[in-house]
Amino acid sequence: MNLPTSGTTRRQWVKQFMLCSAAALVAPRWTSAVLANVTPSAPGKGVLRIKPSSFPALANPGGSIQLTFIQGIEPLTLNRVTSDRFVTLDSICTHAGCTVGRFIVANNRMRCPCHGSRYDIEGRVFRDVNGNSTQPAPDDLARYETAYDAASDTISIAIPSLALQMDSISVQQRTENGELRLKLVFPVTFGAVYQISYSPGLSSPPATIPFATTADGPANQTTIGPSVSGMFTAYVDAAGSRGFFSVSVMLTPLT
Ligand code: FES
């Protein structure tokens with residue numbers, strides 16, 4: 001199968017694109033007493049949060065973009081159906097698995113380049129009056145649960161296959177003079193690139209922080225590009241008495 005390659009050079013970090021968050025720390029100081037208050041976030045679906053205002057192509061109904069967060073896999077297609085409704089589709093054609101193109105307003109459809117199957121803006125394959133597909137593709141494109149909050153201008157997309165939970169989080173004593181670190185363990189996927197962010201409270205925007213890969217090594221790394229999929233361990237210096245940690249993934253819009 002041929003994958004689209006035309007836009008993969010343009011990358012950007014999308015700060016609103018959170019895979020997971022973990023552990024509000026409620027103790028007044030970073031002491032060993034914090035330990036009891038550190039708990040991993042509850043597991044669940046990975047939720048991508050994207051501000052449509054970051055993408056001019058989504059400014060109007062009919063707008064459509066394709067995104068990927070792991071190089072080499074088919075992108076997600078995000079379509080703006082109305083001013084306040086978006087759909088997110090798997091771009092894999094239900095005929096033979098080619099990558100369906102984005103929605104084109106002028107043609108009022110998405111089209112698969114391999115055998116020409118056509119889908120509407122919500123990923124429904126074109127059908128006759130009896131509901132049977134008129135296309136090589138037998139079925140609609142798969143959809144991801146998508147919600148839009150107009151007040152915050154945020155699209156939330158649930159991706160069941162995305163690892164999201166912080167597997168564990170614990171306080172580590174770094175040095176004899178009492179410097180403390182948090183040990184974060186979370187799943188990563190080969191092909192994706194990650195950063196760790198911290199915010200002191202729910203109303204504060206997360207900021208990228210450096211991390212170490214050993215308990216007493218220098219916290220001087222800022223990106224994770226895992227060579228294999230699995231659990232990753234990072235050590236972050238205690239930056240405050242409480243806060244939220246999250247993992248962001250590099251998002252690649254295809255153009
Ligand atoms: Fe899409 Fe055949 S793979 S139409």
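Up top you'll find the structure we're talking about.
Moving on: the pattern of salt bridges. In the structure shown here, the tally under the stated rule is 5 salt bridges. Here Glu 122 ties to Arg 85 by a salt bridge, and the two come within 2.8 Å at their closest N and O atoms. With Glu 122 in the loop between β7 (118–119) and β8 (143–144) and Arg 85 in strand β5 (residues 85–90), the pair connects residues that are 37 residues apart, well separated along the chain. The class for Glu 122 is buried, based on a relative accessible area of 10%. Accessibility expressed as a relative area gives 34% for Arg 85, which makes it partly exposed. By sharing partners, the salt bridges in this structure join Arg 85, Asp 120, Glu 122, Arg 124 and Arg 143 into a single network.

Turning to the environment of Asn 107, a few remarks are in order. Here Asn 107 is to be found in the loop between β5 and β6 (110–111). When the C-alpha atoms of Asn 107 and Asp 120 are compared, they prove to be 9.8 Å apart, with 13 residues separating the residues in sequence.

Moving on, we get to the state of the cysteines. Under the defined criterion, the tally for this structure stands at 1 disulfide. A disulfide bridge connects Cys 98 with Cys 114, and the sulfur atoms are separated by 1.9 Å. In this structure, the disulfide formed by Cys 98 and Cys 114 twists by about -90° around the S-S bond and is classed as left-handed. Here the residue Cys 98 occupies a position in the loop between β5 and β6, and Cys 114 occupies one in the loop between β6 and β7, the gap between them amounting to 16 residues. Exposure remark for Cys 98: the relative accessible area of 13% places this residue in the buried category.

Burial analysis of β5 places 5 of its 6 residues in the buried class, the great majority of the element. The pairing of strand β4 (residues 76–82) with β5 spans 6 bridges and is classified as antiparallel. Residue pairing in the sheet places Leu 78 in a bridge with Thr 88 of β5. The hairpin turn running from β4 into β5, its antiparallel successor, is 2 residues long. Direction of pairing for β5 relative to β8: antiparallel, over a ladder of 2 bridges. Note on β8: the bridge partner recorded for Thr 88 is Tyr 144.

Below, the discussion takes up the nonpolar core. Counting residues in each nonpolar core, the largest one holds 16 residues, and the members touching the most others are Phe 186, Ile 196, Val 236 and Phe 245. Contributing elements (two or more residues each) for this core: β12 (180–188), β13 (194–199), β15 (230–237) and β16 (244–254). Looking at which element gives the most residues to this core, the answer is β12, with 4 residues. Formed by 14 residues, the second largest nonpolar core is a distinct cluster that contains Leu 89, Cys 112, Val 125 and Ala 137.

A full pass over the atoms with the stated rule returns 2 aromatic pairs. If you follow Arg 80 out to its NZ or CZ, it ends over the ring of Tyr 148, 5.7 Å from the centre.

Right, let's talk about unusual backbone geometry for a bit. Look at Asn 108: it is not a glycine, yet its phi comes out positive at around 55°. Mapped onto the fold, Asn 108 is located in the loop between β5 and β6. The backbone of Asp 153 shows a phi angle near 50°, a positive value even though the residue is not glycine. Within the secondary structure, Asp 153 is located in the loop between β9 (146–149) and β10 (154–159).

The rules behind these values
Residues numbered from 1 in each chain as written. Predicted model: local features only at pLDDT ≥ 70, side-chain atom pairs only at ≥ 80, totals over all residues. Heavy atoms only, no water. Salt bridge = Lys/Arg side-chain N within 4 Å of Asp/Glu carboxyl O. Helix = DSSP H or I, 4+ residues; strand = E, 2+ residues; numbered from the N terminus. Buried < 20%, exposed > 50% of the residue type's maximum accessible area, 1.4 Å probe, protein only. Disulfide = S-S within 2.5 Å. Pairing = 2+ DSSP bridges. Core = buried A, V, L, I, M, F, W, Y, C linked by side-chain atoms within 4.5 Å. Phe/Tyr/Trp six-rings, centres within 6.5 Å; stacked < 30°, edge-to-face > 60°. Lys NZ or Arg CZ within 6 Å of the ring centre and 35° of its normal.

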